[in-house]
Amino acid sequence: MAAANYLQSEDQFLCSICLDVFTDPVSTPCGHNFCKKCITDHWNISDRCQCPLCKEAFTTRPDLRVNTFISEMVAQFRQSAQQKASSSSSEQQVSKPGEVPCDVCTGTKLKALKSCLVCLVSYCETHLEPHLTMSGLKRHQLIDPVENLEGRMCTKHDKPLELFCKTDQTCVCMLCTVLDHKKHDVVPLTEGYEGKKVELGKTEAEIQQMIQKRRLKIQEIKHLVDLSEEDADREIAEGVQVFTSLKESVERGLNELINTIKEKQKTTEKQAEAFIKELEQEISELMKRSTEVEQVLRSEDHLHLLQSVQSLNIQQPPPTKDWTEVSVRPSSYEGTVVKAVVQMEETLVKQMKKRLAESELKRVQQYAVDVTFDPDTAHPNLILSDDGKQVNLGKVEKNLPNNRKRFSNHSCVLGKQSFSSGRFYFEVQVKGKTEWDLGVARESINRKHITLSPEDGYWTILLKKRNKYEANDVPLVRLSLNSRPQKVGVFVDYEEGLVSFYDVDAAALIYSFTGCSFTEKLFPYFFTGDNYGRKNAAPLIITPVRVN
């Protein structure tokens with residue numbers, strides 16, 4: 001049963017040196033088997049006597065004898081291989097398109113099993129057998145079947161391409177090294193293969209890195225598309241809300257217009273009904289008098305007629321109203337529609353501006369960043385909270401090193417965080433203060449002598465005494481605000497050159513610096529103002545951004 005298993009595996013009978021079926025197999029003391037000639041030649045050219053497989057060294061060269069058991073097994077294997085080749089030749093596969101055919105077969109070409117680099121011929125299983133059994137052929141180098149074996153021969157010298165010219169980066173034969181590539185750097189194919197494999201490995205690593213970068217870029221683009229889709233959905237939702245509100249306002253305006261016209265019409269109808277009722281009452285009285293007059297007129301008694309006229313005073317008509325100038329004037333609707341439309345337009349404009357301002361504020365709030373005060377820049381009079389979120393003006397100036405970063409003449413402080421690209425937004429509570437100054441400043445500002453203007457690196461708005469708001473632009477801009485901001489939002493788009501300020505509670509834009517040119521780091525800038533007898537003692541507070 002064991003012999004049968006051995007016969008099933010060709011690898012069991014291959015010498016690890018010549019890679020061919022054993023010839024005169026011998027066993028080393030470490031238990032490995034080789035062809036006697038292969039191991040003898042190996043030790044003859046080697047400095048050390050050791051096993052080629054496990055590298056076990058021997059102090060004296062072993063006296064090797066042919067292993068008769070393995071030799072018999074090899075003989076059985078070869079006999080079995082011959083029988084198998086003869087019995088299975090009819091079962092071999094016919095070469096299909098794309099497969100390498102046997103070069104020896106005549107008529108129907110069978111599928112090649114191996115190609116010989118010495119013979120430059122591809123063999124099917126049957127025609128390959130001599131290379132497995134004949135001692136003269138078994139040392140030929142066999143490889144998996146390939147086409148165009150002629151391509152492995154030097155076209156100039158008709159010799160195998162066994163070497164690689166590193167100078168010309170081409171495969172050459174032995175004669176090429178003596179003639180055309182005499183002084184070139186020529187190495188064996190194996191060495192050229194290993195070197196080129198290392199280069200290709202590096203190239204493959206670079207390609208994989210490029211692929212990874214592009215996959216990351218795809219993820220980034222997809223993420224941006226997702227963000228864009230979210231923004232689009234949000235804008236659509238806000239648009240639907242705005243236009244629904246506008247539609248409701250138009251419908252309310254239309255209903256108010258219809259109701260106004262109907263009320264005027266009802267007033268006219270009530271007036272007409274009152275006149276008609278009064279006229280009908282007078283008609284009733286007149287008809288009654290007419291009946292009395294007709295009865296007297298029918299009398300043939302002279303005395304009775306004269307007495308009736310005198311007693312009833314029939315000749316005098318009942319008291320009535322002079323209707324000559326009385327008229328029902330139709331209600332005037334002139335200008336009603338125009339006035340309603342104008343009022344509706346004013347309402348819609350206000351609502352639209354409010355909605356747009358709210359939408360704009362929500363948009364910039366998406367770029368909220370965490371900002372804290374930088375104690376290294378704070379004026380010595382300033383008191384900062386432990387979390388770096390609050391600052392107010394103290395009474396005593398602290399003894400601090402007057403470094404180049406610190407403000408020394410004004411109660412100012414910068415944010416610890418800097419920004420040199422993209423968009424960012426933060427909010428500051430100014431509630432209870434009568435003076436303050438907020439915005440951003442570039443890194444190179446003069447912190448000892450301050451001039452607030454964009455030319456000097458400051459983009460700020462401020463509140464002065466007596467509730468005067470200003471933007472420190474050139475020229476100075478006076479700001480007219482509908483209400484006093486309790487919380488101010490600051491938004492910067494670095495690439496766009498934009499600095500905007502918002503009244504957060506009112507969701508209203510206060511002022512924007514546009515067309516700015518930023519080339520340095522930008523820092524959040526804060527000025528607490530003077531206390532003025534504790535009237536301005538409230539702190540400036542950097543608050544968390546809450547999107548409504």
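Residues numbered from 1 in each chain as written. Predicted model: local features only at pLDDT ≥ 70, side-chain atom pairs only at ≥ 80, totals over all residues. Heavy atoms only, no water.

(A) Quick peek at the overall build of the protein chain. Of the regular secondary structure elements, the protein chain holds eight helices and 21 strands. Summarising its shape, the C-alpha atoms of the protein chain cover approximately 185 × 95 × 55 Å along the three principal directions. Counting only residues that meet the buried cut, the protein chain has 32% of its 548 residues in that class. Each charge sign in the protein chain was given a centre, from 72 positive and 77 negative side chains, and these centres are 7 Å apart. (Helix = DSSP H or I, 4+ residues; strand = E, 2+ residues; numbered from the N terminus. Buried < 20%, exposed > 50% of the residue type's maximum accessible area, 1.4 Å probe, protein only. Lys, Arg positive; Asp, Glu negative; His and termini not counted. Charge placed at Lys NZ, Arg CZ, Asp CG, Glu CD.)

(B) The side chain of S245, seen in detail. Examined against the element boundaries, S245 turns out to sit in helix α6 (residues 189–297). Those residues in contact with S245 that sit more than four places away from it in its chain are Q351 and R355. (Contact = heavy atoms within 4.5 Å.)

(C) Spotlight on the sheet that holds strand β17 (residues 487–493). Strand order across the open sheet formed by seven strands is β9-β10-β21-β12-β17-β18-β19, with antiparallel pairing between neighbours. Pairing within the sheet leaves two strands with one partner each, and these edge strands are β9 (382–384) and β19 (508–513). Each neighbouring strand pair of the sheet contributes to a mean axis angle of 20°, computed without reference to strand direction. Two elements, strand β12 (residues 423–429) and β17, share seven bridges in a ladder whose sense is antiparallel. Looking across to β17, one finds that F424 is bridged to V492. (Pairing = 2+ DSSP bridges. Axes fitted to C-alpha atoms, helices over the stretch in contact; angles between N-to-C directions.)

(D) Main features of the packing of aromatic side chains. Across all of its chains, the model carries 14 aromatic pairs by this definition. Relative to F513, the ring of F501 lies with its centre 6.1 Å away and its plane at 70°, an arrangement referred to as edge-to-face. One end of the pair, F501, is in strand β18 (residues 498–503); the other, F513, is in strand β19, with 12 residues separating them in the sequence. With respect to class, F501 is no different from F513; both count as buried. Each residue in the set F373, F426 and F526 is aromatic and connected to the rest through ring pairs, giving one cluster. Taking NZ or CZ as reference, K321 lies 4.8 Å from the ring centre of W323, over its face. (Phe/Tyr/Trp six-rings, centres within 6.5 Å; stacked < 30°, edge-to-face > 60°. Lys NZ or Arg CZ within 6 Å of the ring centre and 35° of its normal.)

(E) Representation of unusual backbone geometry in the model. With an omega of 0°, the peptide bond between V474 and P475 qualifies as cis. With respect to the helices, strands and loops of the structure, P475 is situated in the loop between β15 (468–471) and β16 (477–479). Of note in this structure, L120 is not a glycine but carries a positive phi near 55°. Along the chain, L120 turns up in the loop between β3 (114–116) and β4 (121–123). For L120, a relative accessible area of 19% translates into the label buried.

(F) Structural context of the state of the cysteines. Counting across every chain of the model gives zero disulfides. Among the cysteines around C15, which has no disulfide bond, C18 carries the closest sulfur, lying 4.0 Å off. We note that C102 lacks a disulfide partner, and the nearest cysteine sulfur, in C105, lies 3.6 Å from it. (Disulfide = S-S within 2.5 Å.)

(G) Representation of the pattern of salt bridges within the structure. Applying the stated criterion across every chain, the model contains 17 salt bridges. Here K217 makes a salt bridge to E220, at a shortest N to O gap of 3.1 Å. Of the two residues, K217 and E220 are both situated in helix α6; the distance of three residues between them amounts to about one turn of the helix. Residue K217 is classed as partly exposed on the basis of its relative accessible area of 41%. (Salt bridge = Lys/Arg side-chain N within 4 Å of Asp/Glu carboxyl O.)

(H) Structural detail: the layout of surface pockets. In this structure, the second largest pocket encloses a volume near 340 Å³. Considering the residues around the second largest pocket, the lining is formed by L117, V118, Q141, R152, P160, L161, E162, C171, L189 and T190. Partitioning the lining of the second largest pocket into residue classes produces six nonpolar, two polar and two charged. (1 Å grid on protein atoms, 1.4 Å probe; cavity = no way out; pocket = protein on both sides within 12 Å on 5 of 7 lines; lining within 4 Å. Points joined across faces, edges and corners; volume = space filled by probe spheres on them. Nonpolar A, V, L, I, M, F, W, Y, C, P; charged D, E, K, R; others polar.)

(I) Structural view of helix α4 (residues 125–133). Those residues of α4 lying buried are L128, E129 and H131. The buried residues of α4 occupy an angular sector of 165° when projected down its axis, which confines them to one face. (Arc of directions from axis to C-beta.)

(J) Quick look at the sheet that holds strand β5 (residues 142–143). The strand order across the open sheet built from three strands is β4-β3-β5, with neighbouring strands paired in antiparallel fashion. Only two strands of the sheet have a single neighbouring strand rather than two, namely β4 and β5. Strand direction decides the pairing type here: β3 and β5, joined by two bridges, are antiparallel. By the bridge assignment, C116 is partnered in β5 with L142. Taken strand by strand, α4 contacts β3, β4 and β5, and its axis lies near 110° from that of β4.

(K) Geometry of the pairing of β19. Inspection of the sheet shows β18 paired to β19 by five bridges, in the antiparallel sense. Bridge pairing in β19 links Y502 to L509. The antiparallel pairing of β18 with β19 creates a hairpin that spans four residues between the two strands, and A507 there sits at a positive phi of about 50°.

(L) Quick peek at the nonpolar core. One finds W436, I461 and F526 to be the most contacted residues of the largest nonpolar core, which totals 36 residues. Contact partners of W436, with chain neighbours within four places excluded, come to V430, I461, L462, L463, Y469, V488, F527, T528 and L540. Counting residues in each nonpolar core, the second largest holds 18 residues, with C38, W43, C51 and M73 among its members. (Core = buried A, V, L, I, M, F, W, Y, C linked by side-chain atoms within 4.5 Å.)

(M) Highlighting the environment of S327. Mapped onto the fold, S327 is located in the loop between α7 (302–312) and α8 (336–365). Separated by 49 residues in sequence, S327 and D376 place their C-alpha atoms 88 Å apart.

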